[in-house]
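Descriptive structure summary
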Amino acid sequence: MMKTQPDVIVIGAGVVGLSAALALQARGLGVTVLDREGPAAGASAGNAGAFAFTDILPLASPGILRKAPKWLLDPLGPLSVPPAYALRIAPWMFRFWRACSPARVAQSTIAQTALMDLSKAELEPFLAATGTLPMLRKEGNLQVYESDAEFRAALPGWQARTDHGIEFQHMSPAEMADLQPGLSPRFIRGTFTPGWYSIADPKLYTLALADRFRAQGGEIARAEATALTPDAQGVTLALAGGETRRAGHVVVAAGAHSHLLARGLGDRIPLETERGYNTTLPEDAFDLRTQITFGGHGFVVTRLSTGIRVGGAVELGGLTLPPNFRRSEAMLKKAQAFLPGLKPTGGVQWMGFRPSLPDSLPAIGTARATPRVTYAFGHGHLGLTQSAGTARLVADLVTGAAPAIDLTPFSPQRF
């Protein structure tokens, strides 16, 4: 069965895919979105809700190499690799290690900064155009440290932010207490970044984008694309169950599943999953004034319109292993110690797949086999943050406009 052909089919109804679909609609194109589960079913549903525009440093860095051995010894710590997945992920880990060289980190930081600057510039106009601007919050982020040594180790990262014009303020315990009452006295230093925005709730935001897209004439269908066959006039999509669809152009924004479609077009992109865990507590669990990052422990606490979310960490465990919710429990237990007034009851646990590439940069560009397929995936834990900027770039690529930034560092063929 062949459906009416739209100008563009976007595969993926997460925040990146729907943002791209709306940006393409704004350029006058007819757009259909396909998703195997429907809108906001993946990482877009349960992330920390932050627009982390100041988070310009790649996860792949010399700093993470120093911390990783200690973290990996703790199966419930900030970074873990389940033994059942260790051999499979070894090639990705080797690429990650290579990306941690100072020269590669410097290049990735420049590229990441360009995408962050574009994403920040595009965000509020995008929110205004989609009717979601009231969901934006500008409450900042407080990074806290338990020792002078931990604080000093973070200073090179803050210098890099200074070099890129990012505003922040180092704080004493008294200043932190004024900003965020209720912190444990174990935290003796902190750094507040006011340019760190957040959304009222990431799932509700993504669903609002889906509603807006439909209201403007877009179709969202629940379907799983299994293969793409391009030709001179367009792209035919094979769907699970035997149906086919066709469009003049296809955008692959299917998160952690994207590389499977890319492989069929000759692009072997080393995508893995940062499995993220969290617990969302009731709204009255704590009087949270700003997002708090416990960097030494790899998690954050965020105030959403739907509750207090405690989550983060990285588990490199692929798509098929069952969730290990002891990780959520471990972060919640730490949060109780770090925020002594936190009420830990009544929470809802979640695990999601963050699509991650070893150099911490997404794949944004056209397929090797055809310019009629555009990739937009691999944002790791920055999908929400970079969604508006990525949407602008996708719209540029599909319509033949000059991309707003240099896309060479994000090339899908760089590996």
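This text goes with the structure placed above it.
What this report covers is the structure whose coordinates are included nearby. All values reported here derive from a predicted model rather than from experimental measurement. (Residues numbered from 1 in each chain as written. Predicted model: local features only at pLDDT ≥ 70, side-chain atom pairs only at ≥ 80, totals over all residues. Heavy atoms only, no water.)

Within the structure shown, the criterion is met by 16 salt bridges. Across the pair Arg-368 and Asp-267 runs a salt bridge whose closest N-O atoms are separated by 3.3 Å. Taken as a pair, Arg-368 in the loop between strand S20 (363-366) and strand S21 (373-377) and Asp-267 in the loop between helix H9 (258-263) and strand S15 (272-281) lie far apart in primary sequence, 101 residues in all. With its nearest N and O atoms 2.8 Å apart, the salt bridge here joins Arg-414 to Asp-359. Of this pair, Arg-414 sits in the segment after helix H11 (387-399) while Asp-359 sits in the loop between strand S19 (348-356) and S20, and the two are 55 residues apart along the sequence. Several salt bridges converge on common partners, so that one network encompasses Arg-27, Glu-122, Arg-392 and Asp-396. (Salt bridge = Lys/Arg side-chain N within 4 Å of Asp/Glu carboxyl O. Helix = DSSP H or I, 4+ residues; strand = E, 2+ residues; numbered from the N terminus.)

Excluding glycine, most residues fall at negative phi; most peptide bonds, likewise, are trans. Unlike most non-glycine residues, Ala-40 shows phi in positive territory, near 55°. Tracing the backbone shows Ala-40 in the loop between strand S2 (31-35) and helix H2 (43-46). A positive phi is found at Ser-360, a non-glycine position, where the angle reads about 70°. With respect to the helices, strands and loops of the structure, Ser-360 is situated in the loop between S19 and S20. The class of Ser-360 is buried, set by a relative accessible area of 14%. (Buried < 20%, exposed > 50% of the residue type's maximum accessible area, 1.4 Å probe, protein only.)

Right, let's talk about the nonpolar core for a bit. If you look at the biggest cluster of nonpolar residues, it comprises 44 residues, and the most contacted ones within it are Val-10, Leu-24, Val-33, Phe-51, Leu-123 and Tyr-205. Going through the elements one at a time, strand S1 (8-11), helix H1 (15-26), S2, strand S3 (50-51), helix H5 (102-130), strand S9 (197-199), helix H8 (202-215) and H11 are the ones with two or more residues in this core. Per element, the largest residue contribution to this core is eight residues, and it comes from H1. Leu-142, Leu-183, Ala-285 and Phe-286 belong to the second-largest nonpolar core, a separate cluster that totals 26 residues. (Core = buried A, V, L, I, M, F, W, Y, C linked by side-chain atoms within 4.5 Å.)

Our focus in this paragraph is the sheet that holds strand S11 (residues 225-230). Pairing is antiparallel across the open sheet formed by three strands, whose spatial order is S11-S12-S13. Both edges of this open sheet fall to S11 and strand S13 (244-247), since each of them pairs with a single strand only. Neighbour-to-neighbour, the strand axes of this sheet turn through a mean angle of 20°, independent of strand direction. Across four bridges, strand S12 (residues 235-239) lies against S13 in antiparallel orientation. Looking at S13, one finds that Leu-237 is bridged to Arg-245. (Pairing = 2+ DSSP bridges. Axes fitted to C-alpha atoms, helices over the stretch in contact; angles between N-to-C directions.)

Another aspect to go through is the sheet that holds strand S5 (residues 136-137). Note on sheets: strands pair through backbone hydrogen bonds, and any given pair is parallel or antiparallel. On the basis of which strands lie adjacent, the open sheet formed by three strands has the order S3-S9-S5 and antiparallel pairing. A strand with exactly one partner marks an edge of an open sheet, and here the two such strands are S3 and S5. Here two bridges tie S3 to S9, and the two strands are oriented antiparallel to one another. In the sheet register, Phe-51 faces S9, and the bridge partner there is Tyr-197.

Turning next to the packing of aromatic side chains. One pass over the structure, following the stated rule, counts 13 aromatic pairs. Consider the rings of Tyr-145 and Phe-151, whose centres lie 5.4 Å apart with planes at 70°: the pair is edge-to-face. For Tyr-145, a relative accessible area of 2% corresponds to the buried category. Looking at Phe-151, the relative accessible area reads 6%, which means it is buried. For the pair Tyr-277 and Phe-325, a centre-to-centre distance of 5.9 Å together with 90° between the ring planes defines the contact as edge-to-face. Taken together, the residues Tyr-277 in strand S15 and Phe-325 in the loop between strand S18 (307-316) and helix H10 (326-338) connect sequence positions 48 residues apart. Through a chain of ring-to-ring contacts, the aromatic side chains of Phe-187, Phe-294, Phe-299 and Phe-338 assemble into a single cluster. Note that Arg-161 overlies the ring of Trp-158, its terminal NZ or CZ placed 4.3 Å from the centroid. (Phe/Tyr/Trp six-rings, centres within 6.5 Å; stacked < 30°, edge-to-face > 60°. Lys NZ or Arg CZ within 6 Å of the ring centre and 35° of its normal.)

So, to be careful, I would describe these as geometric facts and stop short of saying anything about function.
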